[in-house]
Amino acid sequence: MNEALARPAVVSRISDLIGYTPLLELCRTETGSRLLLKLEMYNPTGSAKIRMARAMVDAAEQAGELRPGGRIIESTSGNTGLGLAVIAVERGYTFTAVVDNHAAADKLRGMKALGAELVYVVDDGTEELATAAREELAEDMARGQDNTIFTEQHNNPANGVGYFPVAHELHQALDGDIDVVIGAVGTGGMLCGTTRELRKLHPDFTTVGVEPKGSIAFGGPAHDYYQSGTGTPEGAEIGALVDFDLIDEGVKVGDVEAFATARAVARTGLLIGGSAGGVVHEALTRLPSLPPGSTMVALVNDGGEKYMDTVFNDEWMNAHNLIDPAIEHEIDEKITKLRRI
């Protein structure tokens, strides 16, 4: 049995459940090309980002920057914070999450339930994305404090290292049969970390990065967007982990299309998050034009359970002018045509 595809029957820590996430074939064309979803919601906290949360804490401990009883501070829209909250609980650290109200409410509730301290940078009820302000405050809070670290996910090399196991899981599960890897570009850690390691094992594949329209990693124009936990908003620096040499193509998907796709995928029985909807939308667009027999892997960073108040709430969607029935119907038809069970 491949080591990367199995874990002990019984574990003693929540973090021992990280990884080994499944692959689901969502669609297959008549020419045998298939779209596989790497379902990272099967990690603890329901997100890929606990992988890099553990790696960042490991690196800080190894460097002597974090010792027993220490404090971890991070600017987060939720999933990274949930991961750090779990690692902090296990290792006896205090965790402070610097947040804004752009984050999904369930992510904020989850961090608090896990014992995290939440520090807001904007007034209650203000939904604006405040990435730059969050990071500035997190850095200020950590500066000069003994046994305290700002993990700084956007520029922490350990972020990318945390996703190296994804490459090994994919390589072993598919025996190297991978033609395209497509994923969201936020910090860049997952897509670029996975690509960097996977190219050591299997160099001949294409990497496609997806960001929201309004994000600036692949150019402007900049404007507000509602896809949570991804992209680079105006005023924020593109993270050091976004390695353009590792991304063969960069594309943008709008909120309407991303959320319509998440809602359409839900009608197949699978709940995925809003930014994952953007990734799957682009993957579905590309799948029919791939060479026969191709395998495309979409990295699905989290599930949809945290977005019941937003993406899957008609009232919220209508209030933000994000529902387009025609687009949703088109995606439904595309998935139905390509889904072969």
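Before any of the text, the structure's been laid out above.
This structure is a prediction, so every number in the text was calculated from the model and none was measured. (Residues numbered from 1 in each chain as written. Predicted model: local features only at pLDDT ≥ 70, side-chain atom pairs only at ≥ 80, totals over all residues. Heavy atoms only, no water.)

Participant: Mind laying out the pairing of strand β10 (residues 295-300), listing which residues take part and the relevant values?
Facilitator: Across the 6 residues that make up β10, a large majority, 6, are buried. Here β10 shows two buried faces, one formed by T295, V297 and L299 and the other by M296, A298 and V300. Pairing analysis gives 6 bridges linking strand β2 (residues 34-39) to β10, with the strands arranged parallel. From the neighbouring strand, L36 faces β10, where its bridge partner is V297. (Buried < 20%, exposed > 50% of the residue type's maximum accessible area, 1.4 Å probe, protein only. Helix = DSSP H or I, 4+ residues; strand = E, 2+ residues; numbered from the N terminus. Pairing = 2+ DSSP bridges.)

Participant: Describe the environment of G188, with residues and values.
Facilitator: Among the secondary structure elements, G188 is positioned in the loop between β7 (180-184) and α7 (189-201). For G188, the residues in contact, after removing those within four places along its chain, are G193, L241 and V242. (Contact = heavy atoms within 4.5 Å.)

Participant: If you had to explain the environment of A142 to someone new, which residues and values would you point to?
Facilitator: By secondary structure assignment, the location of A142 is in helix α4 (residues 131-142). A142 sits in the buried class, given a relative accessible area of 11%. Sequence separation of A142 and G250 is 108 residues, and the distance between their C-alpha atoms is 34 Å. Those residues within four positions of A142 in sequence are excluded, and the remaining contacts are I73, T148, I149 and F150.

Participant: Which residues make up the sheet that holds strand β4 (residues 94-99), and what values go with them?
Facilitator: Read across the open sheet, the 4 strands follow the order β5-β4-β3-β6; overall the sheet is parallel. If you trace the sheet from one side to the other, it starts and ends with β5 (117-120) and β6 (148-150), each paired once. For this sheet the average axis-to-axis angle between neighbouring strands, irrespective of direction, equals 20°. With 5 bridges joining them, strand β3 (residues 71-75) and β4 adopt parallel strand pairing. Following the sheet pairing, S75 is matched in β4 by V98. (Axes fitted to C-alpha atoms, helices over the stretch in contact; angles between N-to-C directions.)

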